[in-house]
Structures are given as C-alpha cells and as structure tokens.
Number of protein chains: 2
Amino acid sequence: VTLFDVAAESPTPRAPLSRVRLVVAYDGGGFHGFARNPGVRTVAGLLTDVLEKILRHRVELTCAGRTDKGVHAWGQVVTFDASAAHLDLAALARSVNALCGPAVVVRDAAVVPADFDARFSADSRLYRYRIVNRPEADPFLAGRAWHVPDPLDVRDMELAGDPLIGEHDFSSFCRRPKPGPDGGDVSLRRRVLSVAWHDEGDGLLRFEIEATAFCHQMVRSIVGSLVDTGLGRRRAGVMKAVLEARDRSAAGAVAPPDGLYLWAVRYAGWSSDRP
Amino acid sequence: VTLFDVAAESPTPRAPLSRVRLVVAYDGGGFHGFARNPGVRTVAGLLTDVLEKILRHRVELTCAGRTDKGVHAWGQVVTFDASAAHLDLAALARSVNALCGPAVVVRDAAVVPADFDARFSADSRLYRYRIVNRPEADPFLAGRAWHVPDPLDVRDMELAGDPLIGEHDFSSFCRRPKPGPDGGDVSLRRRVLSVAWHDEGDGLLRFEIEATAFCHQMVRSIVGSLVDTGLGRRRAGVMKAVLEARDRSAAGAVAPPDGLYLWAVRYAGWSSDRP
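Quick caveat, the model's predicted, so the values are computed rather than measured.

(A) A look at the environment of B:Gly183. All names here are of chain B. Looking at the secondary structure, you find Gly183 in the loop between β7 (166–169) and β8 (189–201). For Gly183, a relative accessible area of 53% translates into the label exposed. Sequence spacing of Gly183 and Phe173 is ten residues, and the spatial spacing of their C-alpha atoms is 22 Å.

(B) Looking closely at the nonpolar core. Of all hydrophobic cores here, the largest spans 74 residues; its most connected members are B:Phe80 and B:Phe170. No other element matches helix α2 (residues 43–55) of chain B, which puts seven residues into this core. In this structure B:Phe170 touches B:Leu164, B:Leu188, B:Arg190, B:Val192, B:Cys215, B:Met218, B:Ile222 and B:Leu243, once residues within four positions along its chain are discounted. If you look at the next biggest cluster of nonpolar residues, it comprises 72 residues, including A:Cys63, A:Cys100, A:Val195 and A:Val223.

(C) The arrangement of a positive patch on the surface in detail. There is a patch of like positive charges on the surface, built from A:Arg66, A:Arg119, A:Arg175 and A:Lys178. Mapped onto the secondary structure, A:Arg66 falls in the loop between β2 (62–63) and β3 (72–83).

(D) Fine view of the state of the cysteines. Residues and elements named next belong to chain A. Inspection of every chain in the model, using the stated rule, returns two disulfides over all chains. Between the sulfur of Cys174 and that of Cys215 lies a disulfide, 2.1 Å long from S to S. Handedness here is read from the sign of the S-S torsion; for Cys174 and Cys215, about 50 degrees, the answer is right-handed. With Cys174 in the loop between β7 (166–169) and β8 (189–201) and Cys215 in the loop between β9 (204–211) and α5 (218–230), the pair connects residues that are 41 residues apart, well separated along the chain. You can see Cys100 has no disulfide; the closest cysteine sulfur is in Cys63, sitting 15 Å from it. A residue is classified by how much of its surface remains accessible, and Cys100, at 4% relative accessible area, is buried.

(E) Quick look at the packing of aromatic side chains. All names here are of chain B. Scanning the entire structure with this criterion turns up 20 aromatic pairs over all chains. When the centroid spacing of 4.8 Å and the interplanar angle of 40 degrees are considered together, the rings of Phe116 and Tyr267 count as tilted. With Phe116 in the loop between β4 (104–112) and β5 (124–132) and Tyr267 in strand β10 (residues 260–267), this pair connects stretches of sequence that are 151 residues apart. When its relative accessible area of 12% is taken as the criterion, Phe116 is described as buried. Residues Phe170 and Phe173 carry aromatic rings whose centres are separated by 6.5 Å and whose planes lie at 55 degrees to one another, so their mutual orientation is tilted.

(F) Spatial organisation of helix α4 (residues 154–161) of chain B. Residues and elements named next belong to chain B. Turning to α4, its buried residues are Val154, Met157, Ala160 and Gly161. End-on view of α4: buried residues confined to an arc of 120 degrees, all on one side of the axis. Among the structural elements, β8, β9 (204–211), α5 (218–230) and α6 (239–245) are those in contact with the buried residues of α4. The N-terminus of α4 is capped by Asp153, whose side-chain oxygen sits 3.0 Å from the backbone nitrogen of Arg155.

(G) How the structure looks around the relation of the copies chain A and chain B. Turning chain A through 180 degrees and shifting it by 0.0 Å along the axis lays it on chain B, with an RMSD of 0.0 Å. The operation mapping one copy onto its partner corresponds to a two-fold rotation axis. Nearest to the rotation axis, the C-alpha of A:Phe140 is located 4.7 Å from it, this being the minimum over chain A. Most of the interface of chain A is mirrored in chain B, where 100% of its interface residues again form contacts.

(H) View of unusual backbone geometry. Between A:Gly101 and the following residue, A:Pro102, the backbone shows a cis peptide bond with an omega angle of -5 degrees. Here A:Pro102 shows up in the loop between α3 (89–100) and β4 (104–112). Phi at A:Arg56 takes a positive value of approximately 60 degrees, unusual for a residue other than glycine. Among the structural elements, A:Arg56 can be located in the loop between α2 (43–55) and β2. The phi dihedral of B:Arg246 falls on the positive side, at around 50 degrees, and the residue is not glycine. On the accessibility criterion, B:Arg246 (52% relative accessible area) is exposed.

(I) Molecular detail of the packing of α2(A) against α3(A). Residues and elements named next belong to chain A. Two elements in contact, α2 and α3, have axes whose closest approach is 10 Å; the angle formed by their N-to-C orientations is 130 degrees. By the criterion of interaxial angle, the relationship of α2 to α3 is oblique. The interaxial crossing formed by α2 with α3 has right-handed handedness. Of the residues in α3, those touching α2 at Leu46, Leu47, Val50, Leu51, Ile54 and Leu55 are Leu92, Ser95, Val96, Leu99 and Cys100.

(J) Broad picture of the interface of chain A and chain B. Tallying the contact residues gives 24 residues for chain A and 24 residues for chain B. Considering only the surface of chain A that becomes buried against chain B, A:Pro139, A:Phe140 and A:Arg144 emerge as the three largest contributors, covering 37% of it. For the pair chain A and chain B, the number of links is two salt bridges. Close ionic contact of B:Asp202 with A:Arg274 constitutes a salt bridge, the shortest N to O distance being 3.1 Å. When contributions to the side of chain A that touches chain B are tallied by element, the ones reaching two or more residues are β1 (17–26), β3 and β4 of chain A.

Analysis parameters
- Residues numbered from 1 in each chain as written.
- Chains lettered and ligands numbered in written order.
- Predicted model: local features only at pLDDT ≥ 70, side-chain atom pairs only at ≥ 80, totals over all residues.
- Heavy atoms only, no water.
- Helix = DSSP H or I, 4+ residues; strand = E, 2+ residues; numbered from the N terminus.
- Buried < 20%, exposed > 50% of the residue type's maximum accessible area, 1.4 Å probe, protein only.
- Core = buried A, V, L, I, M, F, W, Y, C linked by side-chain atoms within 4.5 Å.
- Contact = heavy atoms within 4.5 Å.
- Patch = residues over 30% accessible without salt bridge, like charges linked within 9 Å, V, L, I, M, F, W, Y side chains within 5 Å.
- Areas by Shrake-Rupley, 256 points an atom, 1.4 Å probe, with all protein chains shown as cover.
- Salt bridge = Lys/Arg side-chain N within 4 Å of Asp/Glu carboxyl O.
- Lys, Arg positive; Asp, Glu negative; His and termini not counted.
- Charge placed at Lys NZ, Arg CZ, Asp CG, Glu CD.
- Disulfide = S-S within 2.5 Å.
- Phe/Tyr/Trp six-rings, centres within 6.5 Å; stacked < 30°, edge-to-face > 60°.
- Arc of directions from axis to C-beta.
- Polar contact = N/O pair within 3.5 Å; in protein donor to acceptor, adjacent residues only side chain to side chain.
- Least-squares fit on C-alpha atoms with pLDDT ≥ 70 in both.
- Axes fitted to C-alpha atoms, helices over the stretch in contact; angles between N-to-C directions.
- Parallel < 35°, antiparallel > 145°, perpendicular 65-115°, else oblique.
- Left-handed = near helix turned anticlockwise from the far one by under 90°.
- Buried area = accessible area lost by both parts, 1.4 Å probe.

Take a look at the structure:
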C-alpha cells in the first residue's frame, strides 16, 4: 500500500482543519497549464498528488490565477485545508519541494484564517511579460521570454497602453467565455490598476500590468496589440478604438505564453512576490 | 544530394579564405560539452555541421575555452576559415541562428586578420559561477545555477579566494592532465588576474574569476572549496595551504557544472561579453 493509496482511502481531511496558503513558483514550460486535467501533466495535478501523499488525505486546491499552458508563475497563491494534527509548515514546504522541485517550488507556507481564499480574497493580480528585443535570441530565455527580433518603440507602446487603465469591457482582448449558469453572457468588465513598460537594458523589455482580475488570454492579447504598435504596424492611438470595439477581431495576435509570468497576487496588507 | 553531401565533396575551403570570428552563447544543458565527440550532441559538433551546410565546405573550429558537459557560455569565441566568395556575415549569423537556435546563438560575427586565433590570441578568460543560496530552489535557474540551501558566509568566501590571485601551480584544483607529447608532465601553473563574489540580492550569488588560462575543472574545483569555507566546513585561511599542497585531495568537492558560464574572453582591445 503506497502513501497515495492510503490517501485515497481517506476521502476528506480529518477535523480539526487548518487553512494553508502556499506561494508557488513554476516554470510553465513542462506543464499543460495550472488546472487539473486528466491525462496531462499540470501544476495543480502534480501539487495535489504530492500534497495528498504527504498529508495522507484528499486535498482540494484553490488558486489565485489559472495560468495557461506554458505560462509561468513566481507568486502564484494556492489555499487548501489540511488536517491540523502534526502540521509542520516548514517540513511540508521541504517535502513538497523535494518531490516537485525544481520545476515547481513552494516559496512560502503559512496557516491563514479559515475564510482566506486564494482566489476570492485577492485584491489584485500583477502579471509580467518579458520580451527579448534583439536580432538574436537568448539561449537562457528560450521558453521564458518572447523573442521579437525587429526593434520596438517603447515610447509608442507606453502611449498605446495608457487607455487600458481604469474599468473597461475587455471583450476585444479576451477569449469569449462560455455562457454563465443562467445561460446569460459573462461580464468581461475588469479594472486595470496600472500598466508599465520597463527597459532592463541589453534589449530586455518587461511589461507589467496589474488588475483586480483578468479574463482569459487578456494579458497576452494586450501584449500582442502593444507589440504591433511598437513595430509600427498600428498607430499607438488606435488602442482606445480597439478597446471600444468590444470585438476580438479588433485586437492584434495573442502573444506567446513563453514571456508571461503571474508575478504577484495582492491581498489586504500582503503580496505574494515578497512573502 | 543534400547540402551536406556537397560539403563532403569539398574537403577544403576554396581560396581566397577569410578568418571568421564568432561570439557564441549556449545553454550547456542539452550538450555533452563543447568539443566534438562522435555519437553525442556537442556544441562544436552542431556548429560545425551547420556551418558546413551553409558554407558548403569543410570547417575546422578553434575555440577559446573547451567547456565541459553542462557548462554554459555567454561569450565563447570561435574562429575558422571560410571561403571568401559571397561571404555575408549578417546572413551567416542569421542562418546559423535559424538552424542552431535558441540553444546555441551567434551574438556577433566578424572577419578578423588571418593570424587571429580564438585560443592563442586570447589574453584572458573570465568565468562566472552562479549560486542560489536560499532554502528553496528557483525553477527558472534549474540547471543554470548551483542550489546551496544552507546559508553561505560571503565574507569568508571572499577571504578564502584572495590567495588565488597571482601565478601559482594549481595542481590542487585541477584534474591531472595526460602527459605531454614528450612524456613529461604538463604544467598546471596559471595566472589568476581577479577573483570576486557579488551578492545580487534575493539569495543570488555570483562568483567571477579571470585568468590568462585555466586548467581542467579549475573553476568548479575552486568554487567547491570556497563554498566549503562559506558553509563553515573549513576555515577561510586554509586556502593558501590547499594551494601549496599541489594535491587534488587537499581541495573540496568539485561544484556542479550547472552554475558555470564562460562569460568573456579578452583579446587586445576587445572583449567577447560586449562584442
């Protein structure tokens, strides 16, 4: 009988329960996204399997942001309930890292109030997008940045990003979601708190966008459109019209997942990038 | 008949010849070292095959430093002779990068005087060694840094490194070479120009060592011994005695290849890290 079989025989964690919060970093390159998906390797699948082996009871993960295939995380946050008996958080983190690492690494572990929820307690999410803007690629950023060989005008990309700030309907930058449980349309209104481009030197560019929440493919779709303006394919002034079109076809191509990182999730008084 | 078969039928490049110098970066993780080695994937093997396909004649590469399996390069320098007819360096670099990238990337290509030799014209080599000194690993530095979970005393490692500067017999830090062509011992005297530790923050440490030349496994052996002192396993003052012992068993364990980068090769008035 393996530890996993024991876990399978304990369908629910034994009371008393502790709500545990983990900060998780991962290289998305080896995973078919975060969410569990039978038959493929996913971050939640691996983490859940390993946590169930260690804790010897069923584990239900909640995450702050369900990253797509190939998307990375530095400050992903997950919460779950653990049986409180013998709960040693440092040992838990070490065990997870020994079994999952280095592709998935627990950077912080804490017991939080029972009503703390990785997804619903979050005030905002901050994503980073990295671009290598040089004629030649960087072997150490393969799969971890978008290689754009032609020169980008960062000032134009800054101007183009400005109209995104504030609350808008982001239909032009999101994959159309399935209808809601009542059959009605799901709102794609989101509030963007900040947008910024950083030139790190040597042709390395970093885009940062913080919003209360994001819809599907929103960051990659925004980056794709901003890069179009940076390459001179569209004027920087066009982004307001794209936003107002509320039409997917008005936006540029979706940027590849390689450059995207769920960098930080912010909660009242706490942020996952510096736990 | 493929391009490669054509190359095979032209055993030597046609005159007139141009001496070409390339600066090459590579992630050593996917290669069994730099040097050609039949039956395994090596950097020189891949580069030579690709250059011969493009140039349609035999290519003999000379490199500034033969890196071992798993060791990376940012500023490796190679020279070779190319048939001068129709030699377009920008097109050559683009073609190599299209066929080799992103694991191996040509960062610069130039025609140099015929007596310029990647190995023998070099004044010095600069290696970097990266360490992640945190309890948990970094998923984005897996294979690209040495993860040392216990805290390192950087000041002790600085003190321990000081006696290495200058000209010494580095027998304690090198794999014993095969006897020379005359059956005599090969000298392991080398001149170290500088040694430095840099704390990049967030537990990232960077070691830099520059020498006119290095012997086999010298940097990894030095790093292994310095980390021993940083962990408190040896006193910092012991390094002078280790050096003077001229005995491999006096040094600590060899550090893993993951953290090592051939960063720059310096020639009269030119350095490969900023070509």
